[in-house]
Amino acid sequence: MAQERFDVREAYLRFLVEDVEANLARFDEKSGRFLTAGGWAVTNQDIVFPLALLYTTKHPANPYCGDDRILYYALRGADAWRDFQNPDGTVEFVKVDGSTWGPIYMPWSMYHWLETYALLLPWLEPARRRRWEEGLILAYNGIARQLESAPVHNIPTWNGMACYRAGQIFGRADWQEVGRRMIERALAEQTPQGYWKEHEGPTTSYNFVYTHAIGLYYEFSGDERVLPCLKRATEFHIRYTYPDGSPIETIDGRVKYHDSIPD
């Protein structure tokens, strides 16, 4: 009997759809922020990327395609990033509990805003488009400057991928080159066992960040030089994952055991 083919795209769409209403209930109309128990973190706004994806993706598993309500939340949510930016394009690394870690070009949020911009460009009226573009250009000019001297670490590797992608979207060959060089440095630092050292050893948790970043870079660039690296990283994670899907922590130099399964 033939095994039914697993449709990973449909599975992820269903996963996103299931969470929509609970996340929309966290929206603060005045600020455009998605709150958590009344608090807010910059990364709370990352929800706008999946909202934009649902709005623009036609699929039987997705009832939100073309739903103007979803578009409204995605637009307002991304506006909140621009509202929160400093003049140099950074944002304060504020956490839900109100603590702050200083200004940063928040890597995950800036990338998710970038992809939201690319998806929703046809629906951006001129004033909002200019405002988003100003914010994103400030951010990626800053990220590109930092990458010129950045060490190999999980955040610079992610920013290398994102800078390359931003260069594609905005037609900035200089950003693409900076991003490519960062990825090349990350490739050179991977161990033969498929991990990147942090605190003098592997970290099964943060290794996902490197692998995710380099996988996305391959998707955007088609650069086949990264394939052996991705193969080694995949084999590493196969070896160091518990049967329930959670990463093995006993070799992790940074993160303690938790039973959440990376998605």
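Structural data are supplied above this passage.
Residues numbered from 1 in each chain as written. Predicted model: local features only at pLDDT ≥ 70, side-chain atom pairs only at ≥ 80, totals over all residues. Heavy atoms only, no water.

### A few points about the side chain of Thr157
For step 1, the next point in the chain: Take Thr157: it is sitting in helix H6 (residues 154–170).
For step 2, the next point in the chain: Those residues in contact with Thr157 that lie beyond four places of it in its chain are Val152, Met182, Ile183, Ala186, Tyr210, Ala213 and Ile214. (Helix = DSSP H or I, 4+ residues; strand = E, 2+ residues; numbered from the N terminus. Contact = heavy atoms within 4.5 Å.)

### Comments concerning the pattern of salt bridges
For step 1, the next point in the chain: This model, assessed by the stated rule, comprises 16 salt bridges.
For step 2, the next point in the chain: Among the ionic pairs, Arg131 bridges to Asp83, the shortest N-O distance being 2.5 Å. Within this pair, whereas Arg131 is found in helix H5 (residues 126–147), its partner Asp83 is found in helix H3 (residues 68–84), the two being separated by 48 residues in sequence.
For step 3, the next point in the chain: As a salt-bridge pair, Arg181 and Glu177 come within 3.5 Å of each other at their nearest N and O atoms. Within this pair, Arg181 and its partner Glu177 are both found in helix H7 (residues 173–189), separated by 4 residues, close to a single helical turn.
For step 4, the next point in the chain: Shared partners join several salt bridges into a network, and the residues in it are Glu148, Glu177, Arg180 and Arg181. (Salt bridge = Lys/Arg side-chain N within 4 Å of Asp/Glu carboxyl O.)

### Observations concerning the pairing of strand E3 (residues 91–94)
For step 1, the next point in the chain: Sheet topology places E3 next to strand E4 (residues 100–104); 3 bridges connect them, and they run antiparallel. Bridging across to E4, Val94 finds its partner in Thr100. (Pairing = 2+ DSSP bridges.)

### Examining the side chain of His237
For step 1, the next point in the chain: Within the secondary structure, His237 is located in helix H9 (residues 227–239).
For step 2, the next point in the chain: When residues no more than four places from it in sequence are discounted, the contact partners of His237 are Thr204, Asn207, Phe208 and Thr211.

### Regarding the packing of aromatic side chains
For step 1, the next point in the chain: All told, the structure shown has 19 aromatic pairs when counted by the stated rule.
For step 2, the next point in the chain: Here Trp108 and Trp158 contribute two aromatic rings whose centre-to-centre distance is 5.1 Å and whose plane-to-plane angle is 65°, an arrangement assigned as edge-to-face. You can see Trp108 sitting in helix H4 (residues 107–120) and its partner Trp158 sitting in helix H6, a full 50 residues away along the chain.
For step 3, the next point in the chain: The ring of Trp40 carries the charged tip of Arg33 above its face, separated from the ring centre by 3.9 Å.
For step 4, the next point in the chain: Above the ring of Phe220, the side-chain terminus of Arg165 is found at 4.5 Å from the ring centroid. (Phe/Tyr/Trp six-rings, centres within 6.5 Å; stacked < 30°, edge-to-face > 60°. Lys NZ or Arg CZ within 6 Å of the ring centre and 35° of its normal.)

### Structural notes on the environment of Arg69
For step 1, the next point in the chain: When you line up the elements, Arg69 lands in helix H3.
For step 2, the next point in the chain: Classification of Arg69 as partly exposed rests on a relative accessible area of 35%.
For step 3, the next point in the chain: Sequence separation between Arg69 and Leu24 is 45 residues; the distance between their C-alpha atoms is 9.9 Å.
For step 4, the next point in the chain: If sequence neighbours within four positions are ignored, Arg69 has contacts with Glu21, Leu24 and Tyr64.
For step 5, the next point in the chain: Among the polar contacts listed, one links the side chain of Arg69 to the side chain of Glu21, at a separation of 2.7 Å. (Buried < 20%, exposed > 50% of the residue type's maximum accessible area, 1.4 Å probe, protein only. Polar contact = N/O pair within 3.5 Å; in protein donor to acceptor, adjacent residues only side chain to side chain.)

### Quick word on the nonpolar core
For step 1, the next point in the chain: By size, the foremost hydrophobic cluster in this structure holds 65 residues, and its most contacted members are Phe34, Leu51, Tyr111, Tyr140, Met161 and Ile214.
For step 2, the next point in the chain: Not counting residues within four places of it along the chain, the set of residues in contact with Leu51 comprises Leu24, Phe34, Ile70, Tyr73 and Ala74. (Core = buried A, V, L, I, M, F, W, Y, C linked by side-chain atoms within 4.5 Å.)

### Focus on a nonpolar patch on the surface
For step 1, the next point in the chain: Together, Phe6, Val8, Tyr12 and Phe15 give the surface a local cluster of nonpolar side chains, amounting to about 430 Å² of exposed area.
For step 2, the next point in the chain: Relative to the helices and strands, Phe15 is located in helix H1 (residues 8–24).
For step 3, the next point in the chain: Residue Phe15 is classed as partly exposed on the basis of its relative accessible area, which comes to 39%. (Patch = residues over 30% accessible without salt bridge, like charges linked within 9 Å, V, L, I, M, F, W, Y side chains within 5 Å. Areas by Shrake-Rupley, 256 points an atom, 1.4 Å probe, with all protein chains shown as cover.)

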